[in-house]
Amino acid sequence: MEFNEVIQNRRSIRHFTSQEVEQDKVDQLIDCARLCQSSKNRQPWSFMILKGQEKDKVADIMAEPFNEESKEMFGYVNTVQYSADTIKRAQLLIAVFQVCEEEWFAPDLISMGAAIEHICLECVNLGLGSVWIGDICFNERAVSKYLGYEQLHLVSAVAIGYPAEAPKPRPRKSREEILLSKK
Ligand SMILES: Cc1cc2nc3c(=O)[nH]c(=O)nc-3n(C[C@H](O)[C@H](O)[C@H](O)COP(=O)(O)O)c2cc1C
């Protein structure tokens, strides 16, 4: 696929078919993350591939704190449950961890975002659908503990599978709205 088509065609995909994602495609996604640029070339990332019951358990842990009672306290409750449901519909989940070095936290976090986007774009190239799951951070410590890497910062996850939907482009600001002129 032409690079510009990849950019144009990427959407957040939240419904997936039951078709398994081939291991060579999973390997290619991790390679694309690996090749990402990073601040000072620190490559502060580690990735974990989760499938089946382990993936679904992550979804359950993530949504756990947000019960009926807390619904009134947090406006974002429903989106966390919605994201957990999306993870369950996906074939696999890539959990994305950042090494914890306080003095490098901000530049490393930006690098993490770049690597995640590499994965999402390569999904399009491979005919896969993906959605970036930032909501995983709401119960980050519990999920990291379950996965056995409490010493790392669980930044996000990417839910992946073959798409079962083809959403229209979501609204974007115009070029005029985002371009500044020097004052
Ligand atoms: C940092 C970040 C965190 C996100 N977290 C979630 C999430 O937890 N759950 C979800 O369903 N979508 C999540 N998304 C997807 C956005 O909702 C989506 O990108 C946005 O609505 C625009 O839609 P599009 O990706 O189809 O263009 C996240 C995207 C980013 C960049």
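Look up: the structure comes first, before these words.
Only a predicted model underlies this, so the values are computations on that prediction, with no experimental measurement involved.

A.B. asks: Before we go on, may I ask you to explain the layout of surface pockets in this structure?
C.D. replies: Over the atoms rolls a probe the size of a water molecule, and its path tells where empty space is left. The computed volume of the largest pocket comes to approximately 260 Å³. A breakdown of the residues in the lining of the largest pocket according to their chemical character gives 2 nonpolar, 2 polar and 4 charged.

A.B. asks: Looking at this model, I keep getting lost on the site of the ligand. Mind explaining?
C.D. replies: Lining the immediate surroundings of the ligand are Arg-10, Arg-11, Ser-12, Arg-14, Ser-83, Val-131, Trp-132, Ile-133, Gly-134, Asp-135, Arg-170 and Arg-172. In this structure, Arg-14 approaches the ligand through a side-chain N or O atom, which is 2.7 Å from an oxygen atom. A distance of 2.6 Å is found between an oxygen atom of the ligand and a side-chain nitrogen or oxygen belonging to Arg-170. When residues of the shell around the ligand are assigned to their parent elements, the largest contribution, 3 residues, is made by strand β3 (residues 129-133). The residue inventory of the shell around the ligand, partitioned by class, reads 3 nonpolar, 3 polar and 6 charged.

A.B. asks: Before we go on, may I ask you to explain the pairing of strand β2 (residues 92-98) in this structure?
C.D. replies: Regular strands have side chains that alternate between both faces of the sheet. In terms of burial, β2 is a largely internal element, 7 of the 7 residues being buried. Note: strand β1 (residues 45-51) against β2, 7 bridges, orientation antiparallel. Note that in β2 the partner of Met-48 across the bridge is Ala-95. Alignment of β2 against strand β4 (residues 153-161), held across 7 bridges, turns out to be antiparallel. Across the sheet, Ile-94 pairs through a bridge with Val-158, a residue of β4.

A.B. asks: Teacher, can you tell me more about a negative patch on the surface here?
C.D. replies: Negative charge collects at one region of the surface, where Glu-20, Glu-22, Asp-24 and Asp-27 lie side by side. Relative to the assigned elements, Glu-22 resides in the loop between α1 (3-9) and α2 (23-34). Judged by relative accessible area, which is 31%, Glu-22 ranks as partly exposed.

A.B. asks: Where do I start with helix α5 (residues 105-125) in this structure?
C.D. replies: Each α-helix winds once per 3.6 residues, and so residues spaced three or four apart point in a common direction. Here α5 is 21 residues long and its end C-alpha atoms lie 31 Å apart, about the 30 Å a rise of 1.5 Å per residue gives. Along α5, the residues classified as buried are Asp-108, Ser-111, Met-112, Ala-115, Ile-116, Ile-119, Cys-120, Leu-121, Glu-122, Cys-123 and Val-124. Along its buried surface, α5 packs onto α1, α2, β1, β2, β3 and β4. Looking one or two residues past α5, Gly-127 carries a phi angle of roughly 80°, positive in sign.

A.B. asks: What is the right way to read unusual backbone geometry from this model?
C.D. replies: Backbone phi values are negative for most residues with the exception of glycine, while trans is the configuration of most peptide bonds. A positive phi angle, near 55°, is found at Lys-40, a position not held by glycine. By the element assignment, Lys-40 lies in the loop between α2 and β1. Residue classification places Lys-40 among the exposed residues on the basis of a relative accessible area of 64%. Not every positive phi belongs to a glycine, and Asn-41 is a case in point at roughly 50°.

Quick notes on the rules
Residues numbered from 1 in each chain as written. Predicted model: local features only at pLDDT ≥ 70, side-chain atom pairs only at ≥ 80, totals over all residues. Heavy atoms only, no water. 1 Å grid on protein atoms, 1.4 Å probe; cavity = no way out; pocket = protein on both sides within 12 Å on 5 of 7 lines; lining within 4 Å. Points joined across faces, edges and corners; volume = space filled by probe spheres on them. Nonpolar A, V, L, I, M, F, W, Y, C, P; charged D, E, K, R; others polar. Near = heavy atom within 4 Å. Polar contact = N/O pair within 3.5 Å; in protein donor to acceptor, adjacent residues only side chain to side chain. Helix = DSSP H or I, 4+ residues; strand = E, 2+ residues; numbered from the N terminus. Buried < 20%, exposed > 50% of the residue type's maximum accessible area, 1.4 Å probe, protein only. Pairing = 2+ DSSP bridges. Patch = residues over 30% accessible without salt bridge, like charges linked within 9 Å, V, L, I, M, F, W, Y side chains within 5 Å. Areas by Shrake-Rupley, 256 points an atom, 1.4 Å probe, with all protein chains shown as cover. Salt bridge = Lys/Arg side-chain N within 4 Å of Asp/Glu carboxyl O. Lys, Arg positive; Asp, Glu negative; His and termini not counted. Charge placed at Lys NZ, Arg CZ, Asp CG, Glu CD. Expected span 1.5 Å × (residues − 1). Contact = heavy atoms within 4.5 Å.

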